[in-house]
Amino acid sequence: MASTALALAGVIAGSGSAQAAAGPGGATNIRGVDPGDTDSMIERLCGQETSLTGVYGALNVRTGEFKTHDEYLRDVVGLWLPAGDWEIFRGWCGNVHASTWSIKGDTVRTSPWIGNRGSEGDKETFVSSYGTKTFAKKSVGANISLSAAKSIFSGSAGGSFTYEWGWEKESRFERRSEKSIPPCTQVAVTWTPYQRVVRVNPIFYVEDYQWNKGDGDVTVHSWRGRDYRTIYSYGYYIDGISDKLLPNGQPDGREDKVEEKLDPKTCTD
């Protein structure tokens, strides 16, 4: 039941004490402990389609090479059995909330430039518009699609976030404001969104782990026969990033007026 719940949940919230003792959700970090690129291993392992019995992987404990289920059957042994330095395992993948913080997003221009080529100051009405942004990125592997990210970060898939971010809550504004334009200058309005980053670590829960050193198959129910069943690799994470929203539902951020001098040759003396 525990493994099934882990596989189905998009994001699993671990307790603070468990996270302090180990990694997110109590998982054990194998980066720098086990051979090979463990960040890539977890990414490729959990990138496979999950069957009714979980996901499968194989690790060469001498070289650190990892193979997916299909690659192992094709390249190493035609049966799902451990062989020599190759050890095989089965289990479930999930995503555990690791941390969250606020950032300033990229500043964007939200109005057209309006120029004053005269010799005296002027005033104009500026119309600026902006819509909130939502995206996600992975530290390892190919880009993550927004649909895949939604399965991780949306509340309906198991995420339980109370942050003031706008994930799947698109909001737009259009504002009119009068601004002064100095002589021989052009002016525009910019917007710097305030954003929330929510980071999750993909984890793997071990159902069974097998090896054969020449004296028969050995099956255990922890990672490489150690006393922990849930692993992750510290360098592999997925970030969900979205603009924050104010209590009234409007985008949170800072509006600024920017000025650029025009070529004096094009302005009136």
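Here the structure is shown first, and the text comes after it.
Thresholds, definitions, all that
Residues numbered from 1 in each chain as written. Predicted model: local features only at pLDDT ≥ 70, side-chain atom pairs only at ≥ 80, totals over all residues. Heavy atoms only, no water. Helix = DSSP H or I, 4+ residues; strand = E, 2+ residues; numbered from the N terminus. Buried < 20%, exposed > 50% of the residue type's maximum accessible area, 1.4 Å probe, protein only. Contact = heavy atoms within 4.5 Å. Polar contact = N/O pair within 3.5 Å; in protein donor to acceptor, adjacent residues only side chain to side chain. Core = buried A, V, L, I, M, F, W, Y, C linked by side-chain atoms within 4.5 Å. Salt bridge = Lys/Arg side-chain N within 4 Å of Asp/Glu carboxyl O. Phe/Tyr/Trp six-rings, centres within 6.5 Å; stacked < 30°, edge-to-face > 60°. Lys NZ or Arg CZ within 6 Å of the ring centre and 35° of its normal.

*Asks:* How do you make sense of the environment of S102 when you look at a structure like this?
*Replies:* Inspection of the secondary structure puts S102 in strand 4 (residues 86-104). Residue S102 is classed as partly exposed on the basis of its relative accessible area of 38%. In this structure, the C-alpha to C-alpha distance between S102 and Q195, residues 93 residues apart in sequence, is 5.7 Å. Once residues within four sequence positions are removed from consideration, S102 is found in contact with Q195, R196 and K244. Side chain to side chain, S102 and K244 meet in a polar contact 2.8 Å long.

*Asks:* Explanation requested: helix 3 (residues 38-46) in the structure shown.
*Replies:* The periodicity of an α-helix, 3.6 residues per turn, causes residues three or four positions apart to be oriented the same way. Residues of helix 3 that are buried include every one of T38, D39, M41, I42, E43 and L45, and no others. Between the side-chain oxygen of the N-cap and the backbone nitrogen of D39 there are 3.2 Å, and the N-cap of helix 3 in question is D37.

*Asks:* It is not clear to me how the nonpolar core should be interpreted in this structure. Could you clarify?
*Replies:* The nonpolar side chains of soluble globular proteins are, as a tendency, buried together. Counting 29 residues, the largest nonpolar core has M41, F89, F153, F204, Y209 and W223 as its most contacted members. Only helix 3, strand 2 (55-60), strand 4, helix 5 (146-153) and strand 10 (185-211) provide two or more residues apiece to this core. For W223, the residues in contact, after removing those within four places along its chain, are I30, D34, M41, L59, F89, V206, Y209, Y228 and I231.

*Asks:* Can you walk me through the pattern of salt bridges in this structure?
*Replies:* Pairs can form between side chains of opposite charge whenever their charged atoms are close. Scanning all chains against the criterion turns up 19 salt bridges. Put simply, D34 and R226 hold a salt bridge, and the shortest N to O gap is 2.8 Å. With D34 in the loop between strand 1 (28-29) and helix 3 and R226 in the loop between strand 11 (218-220) and strand 12 (230-232), the pair connects residues that are 192 residues apart, well separated along the chain. Residue classification places D34 among the buried positions, given a relative accessible area of 5%. Residues R74 and D75 are paired through a salt bridge, measuring 2.7 Å at the closest nitrogen-oxygen approach. Accessibility expressed as a relative area gives 39% for D75, which makes it partly exposed.

*Asks:* Looking at this model, I keep getting lost on the packing of aromatic side chains. Mind explaining?
*Replies:* Here the distance between the centres and the angle between the planes together describe a pair of aromatic rings. In total, this model carries 12 aromatic pairs according to the counting rule given. Note on F173 and W191: the rings are 4.9 Å apart at their centroids and 70 degrees apart in plane angle, and the pair reads as edge-to-face. Of this pair, F173 sits in strand 9 (residues 172-181) while W191 sits in strand 10; the two residues are 18 residues apart in sequence, bridging distant segments of the chain. No difference in accessibility class separates F173 from W191, as the two residues are buried. When the centroid spacing of 5.2 Å and the interplanar angle of 75 degrees are considered together, the rings of Y209 and W223 count as edge-to-face. A residue pair is termed long-range when its members are at least 10 positions apart, and Y209 in strand 10 and W223 in the loop between strand 11 and strand 12 qualify at 14 residues. Here Y209 and W223 have matching classes, each one buried. One aromatic cluster is present, built from ring pairs that chain together F66, F89, F204, Y209, W211 and W223. Of note, R175 hangs over the ring of F173, and the distance from its end group to the ring centre comes to 4.0 Å.

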